[in-house]
Amino acid sequence: MNLIKYLVSNFYGQKMWMVFLLIWPFIVGTQSASVTSQPHMEANAILNSGWWNTSDAYFNITFLCTWKEIVCNKAGSIKRIFIDSATTSEIHFETLNLSVFHNLEILFVYGIGLQGTIPEEIGLLTKLTDIDLSHNSLEGKIPPSIGNLRQLKNLDISYNNLQVSIPHELGFIKNLTSLDLSHNRIKGQIPSSLGNLKQLDYLDISCNNIQGSIPHELGFLKNITTLHLSDNRLNGNFPISLTDLTQLLYLDISNNFLTGGLPSNFGKLSNLKIFRLNNNSIGGTFPISLNSISQLGFLNISNNLLQGKLPSDFFPMINYAISIDLSDNLITGVIPTQFGNIEQLFLRNNKISGTIPQSICNARFLDYDISYNYLRGPIPFCIDDPSPLIGNNNICTNKLYDKIEFQPCPSRYNTKIGKSNKVELHVAIVLPILIILILTFSLIICLKLNHNSIKNKQADKSTKKNGDFFSIWNYDGQIAYDDIIRATEDFDIRYCIGTGAYGSVYKAQLPCGKVVALKKLHGYEAELPAFDESFRNEVRILSEIKHRNIVKLYGFCLHKRIMFLIYHYMERGSLFSVLYDDAEAMEFNWRKRLNVVKGVAFGLSYLHHDCTPPIVHRDVSTSNILLNSEWHPSVSDFGTARLLQYDSSNRTIVAGTIGYIAPELAYTMVVSEKCDVYSFGVVALETLMGRHPGDILSSLQLASTQGIKLCEVLDQRLLLPNNVMVLLDIIRVATIAFACLNLNPFSRPTMKCASQSFSTELTPLSIPLSEISVQQLMSQELKALFHIGNL
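All residue numbers refer to positions counted from 1 along the written sequence of the respective chain. For a predicted model such as this one, the threshold for reporting local features is a pLDDT of at least 70, and the threshold for listing and counting side-chain atom pairs is 80 or more; totals across whole chains, interfaces and linings nevertheless cover every residue. Where side-chain values are given, they derive from all heavy atoms of the structure, hydrogens and water being excluded.

By the naming in an unreviewed UniProt entry, the protein chain is non-specific serine/threonine protein kinase, taken from Medicago truncatula. UniProt positions are given in the numbering used here, feature names are shortened, and annotations may be inferred rather than shown by experiment. Here the protein chain is described in UniProt, under the heading Subcellular location (unreviewed entry), as follows: "Membrane".

Caption draft 1: Highlighting the packing of helix α9 (residues 590-609) against helix α11 (residues 673-689). Structural elements are reduced to axes, namely lines fitted to C-alpha atoms, with helices fitted over the stretch in contact, and the angle between N-to-C directions of any two is expressed from 0 to 180 degrees. Runs of H or I in DSSP of at least four residues are treated as helices and runs of E of at least two as strands, each being numbered from the N terminus. As a packed pair, α9 and α11 sit with axes 10 Å apart at the nearest point and diverge in direction by 175°. On the basis of their axis angle, the class for α9 and α11 is roughly antiparallel. On α11, the residues touching W590, R593, L594, V597, V600, A601, L604 and H608 of α9 are E673, D676, F680, A684, T687 and L688. Here the term charged refers only to Asp, Glu, Lys and Arg, the term nonpolar to Ala, Val, Leu, Ile, Met, Phe, Trp, Tyr, Cys and Pro, and the term polar to all other amino acids, Gly among them. When grouped by side-chain class, the residues that make up the contact of α9 with α11 number 9 nonpolar, 2 polar and 3 charged. When describing relative orientation, an angle under 35 degrees is termed roughly parallel and one over 145 degrees roughly antiparallel, while 65 to 115 degrees is termed roughly perpendicular and anything else oblique. Any two residues whose heavy atoms approach within 4.5 Å are treated as being in contact.

Caption draft 2: Region of the structure containing the confidence of the model for the protein chain. Summary of the metric used: pLDDT quantifies the predictor's per-residue confidence within the range 0 to 100. In the predicted model, the protein chain carries a mean pLDDT of 79, and 78% of its residues have values of at least 70. Taken element by element, the predicted model of the protein chain shows its lowest mean pLDDT in helix α1 (residues 2-10) (41) and its highest in strand β9 (residues 202-204) (95). In the predicted structure, residues 1-36 sits below a pLDDT of 50 and forms 9 contacts with residues beyond four places in sequence or in another chain. Predicted confidence for residues 645-654 stays below pLDDT 50, and this span has 25 contacts to residues more than four positions away or in other chains.

Caption draft 3: Structural context of the packing of α9 against helix α15 (residues 724-740). Two elements in contact, α9 and α15, have axes separated by 10 Å at closest approach and are oriented at 40°. The crossing of α9 and α15 is left-handed. On the side of α9, the interface is formed by W590, R591, L594, V597 and K598, while α15 contributes V726, D729, I730, R732 and V733. Looking at the contact of α9 with α15 residue by residue, the classes come out as 6 nonpolar, no polar and 4 charged. Each crossing gets its handedness from the near helix: less than a right angle anticlockwise from the far helix is left-handed, clockwise is right-handed.

Caption draft 4: Seen up close, the pairing of strand β17 (residues 342-346). Burial of β17 is extensive: 4 of the 5 residues sit out of reach of the surface. Two strands are said to pair when DSSP picks up at least two bridges between them. In this sheet, β17 lies alongside strand β16 (residues 322-325) in parallel orientation, the contact comprising 4 bridges. Along β17, the bridge assignment pairs S323 with Q344. Relative accessible area decides the class of each residue, using a 1.4 Å probe on protein chains only: under 20% of the type maximum gives buried, over 50% gives exposed, and in between gives partly exposed.

Caption draft 5: Focus on the environment of M570. Relative to the assigned elements, M570 resides in the loop between β26 (563-568) and β27 (573-574). Distance in space between the C-alpha atoms of M570 and H632 is 9.2 Å, their sequence separation being 62 residues. With residues up to four places along the chain from it excluded, the contact list for M570 reads L626, L627, N628, H632 and S634.

Caption draft 6: Inspection of the state of the cysteines at higher detail. Disulfide assignment relies on a single distance test, namely cysteine sulfur atoms paired within 2.5 Å. This structure, assessed with the given rule, holds 3 disulfides. Linked covalently through their sulfurs, C65 and C72 form a disulfide whose S-S length is 2.0 Å. Sign of the S-S torsion, about -90° for the bond between C65 and C72, identifies this disulfide as left-handed. Residue C65 is classed as partly exposed on the basis of its relative accessible area of 36%. What pairs with C361 in a disulfide is C382, and their sulfur atoms sit 1.9 Å apart.

Next comes the structure, spelled out in C-alpha cells:
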C-alpha cells in the first residue's frame, strides 16, 4: 500500500493511472502467493508422488486436509502424514518430494512395502518430532542428515533392509527418547555418539549384523529403561558402564559373542525386570544373589560358560513369580535349599552335584528341568514326573514311574519326606508294631498304584522329556516338550502341512500363542543311519548360523523313538508352492519376486563367505526357499549341507534336487560353493519365469535359444511393470541368473559377488526390455554393467 500512495502522490495524469492498473494484479498476486504457495507445493508433491491412487473416483486433492492420512495446520499446510495401508502396488520413497513439507511434524509410513532409500532431504524437515518407517522394504543407509532433526523424539526404522552402518550423526538428536533400528542388516559398530542421547528411554538395535564391542558410552544413558542389543555379532566383555543404568527394566544382549564375566557391581541394576544374556560365552560366576535385584521376573543366561557355585541365597525371596534359566553352563556345587517363589527353573546340562533338596516339594514350580547334571541320592516322593531329572546317573527311587526307570535306593536312604532323622529312628524302632497297619493299607496302596499306572498308560505316550538331546534356544521362555505334543495332539495328521522325503512338517500353536513349524522324522526311518545323520547334520548347521535369510531353528529333540526340529513358522510356505499356484503367483508381483531372489542371494553369500568353515547347502531349490507373511525368504532344509574343509578333497555322493544340481557334480563328485551358485541361478530364473527353466537349460548353447527375448520367458501371468527401475532390476536378476548357470564353474560368480551386484546403482539402458535377448543377457557388456564378476 505504501507503493500505491507513492504513485498517487507523486505522479499524475491518465497514463500514470494506466500504469498503476497494469501493475496492481502483480502486487495482489505477490501477496496471495505468499499465503498459498506452501499448501500448493505440498499438494503438488502429493499428486506427483504416486503414493496415492489418483485414478480413484473419490480422489480430490482439493480436500487433502480432510483425508484420514493427512492432518493440516490452520494455514492448510501439512503437519502430519499417517499411512498404514498401501493405496498402490509399488511405492518408492524417492518419488515423494519431502523437501516441501516444511511444517511436517509426524511422518508415519508403516508396513506398506515402501521401497527405495531414505532421502537425504529428510534432514530439511526440522520440525519433525516423530518418524515411523518400520515394516517396509527400505534399503541402503540411514542418511547422516537425519542428525539435523533436533526436535525429533521418536525414530523407528525397524524391519527393513537397511545395510550400512549406524551414522554417528544420530548422536546429535539430543531430544530423542526412542530409537528402534532392529531387524535390518546394519553392519559396522555401535557409534559411541549414541551416549550423547541423554533423554533416550528406549534403544533397540537387535537382529542386525553389528560387530565390535559395546561402547562404554552407552553407560551415559541414565534415563534408559529398555536396551535391546540381541542377535548381532557383538564381542568383547560385558561393559561395566552398563551397571550405571539404574533405570533399566529390560536388558537383552542374547545371541552374540560376548566373553569375560559379569561385573561384580551388577546388583546396581536393582530395577531390572527382564535380563537375557543367553547364547554368549560369558564365564566366571554369577556375582550376586538375585535378592539384590528385587524386581527381576525373568533371567536367562543359558548357553554360556558360567562356573562356580550358586550361593545359598541365590534364589530371590520375593512375592511374585520369577523364571530362571541357567542351563548349558559349567555351574558346580549343590542346589540351594531355599527356593523362594520360582515359576520356572532350568538348570539342565551343568555340573551340579549333591542331592535333590526335599524343599523342592514346597516350591510352586510351573516348570523345571535339572536334567543332565551329577545329582545323586533319592528322588523326593512328591515328584510325580521324573522326566526333568533324567541324565543324573546316581539318583535313585523306590517309587514306580511309567516309562522311565531309575535304580532302586539302598536301604540307608529313607525317601519319605517331612521327617527329621530323629523321627526316622523312632519309626525304625516301632516298625514291627506297625506291620499290621501296613498290611491293612497295602491293598489300598496297591489299588492306587494300579490306578495311576492305568492312567499313565492312557495318557499321551510322548509327554515325557525323554530325548537323549532336547534343547531350545532363541526363544522367549521355554518350549516344553509336553507343549509340543499337546499342540500337535501327538503329531496328528490334522496338523500336518507337508510331507518330504524323510519327514513331515506340522504347524503348532504353543500355549503362549507362538506358532512354530515342526519337522518330524518318520518313525520307521528314524532307525536308518542315513536319515538320522541328515537330521543331526541339520541341527549342527543351523545351531551355528544366524541370518535373516536362513530359516530360524528354535530347538530340537533327537531320540531313537522320536526326532523333530522346531522352526520359525513361515506363513506362505515354499517358493515352489507360491509359483505354481495361480492365485498366489498373481499376488507375487515383480517387486516381491526380485526381493526374494536378493534375499536368497544374501543368505547363500552368508553361508559361503561369513561362516568358518564355509557351508555349502547342496540342495538349493524353490522347494527349500520358504516365505513369511511379508514375502521375505529364508533358505531351509540343511539335511544335506556340508562344511567345506580346504585341506580335503570334498568328494561326495550326488545330493540335491534334480533340475537344480550343478552339471559338474555328475563327473567330478567334488562339492564346492559353485554348486550352490548354479542352483541359485536356476531358482532365480524360475522365479522370473514362474516355471522351471528346464527347456532353456537343456538348450542354452543353441543359437535358437539364445535368440529368445527375455520378455517372452517372463511369467506371463504378470503384466510387465511400468516402473523403469523395476524393469532394470528384472534385467539385472536375469543377467546374474545366466551368469550363475555357466557350465564352467570357474566362470560363475561367487555368491558374494552376486549379492553385492544387487547393491550397485542401476544405470538406465539404451535398449528396451522387449528387445533384450538371452544372448545379450549372457554378454560381457551386461555383466560389466551390473558389476558381475567371477571371483
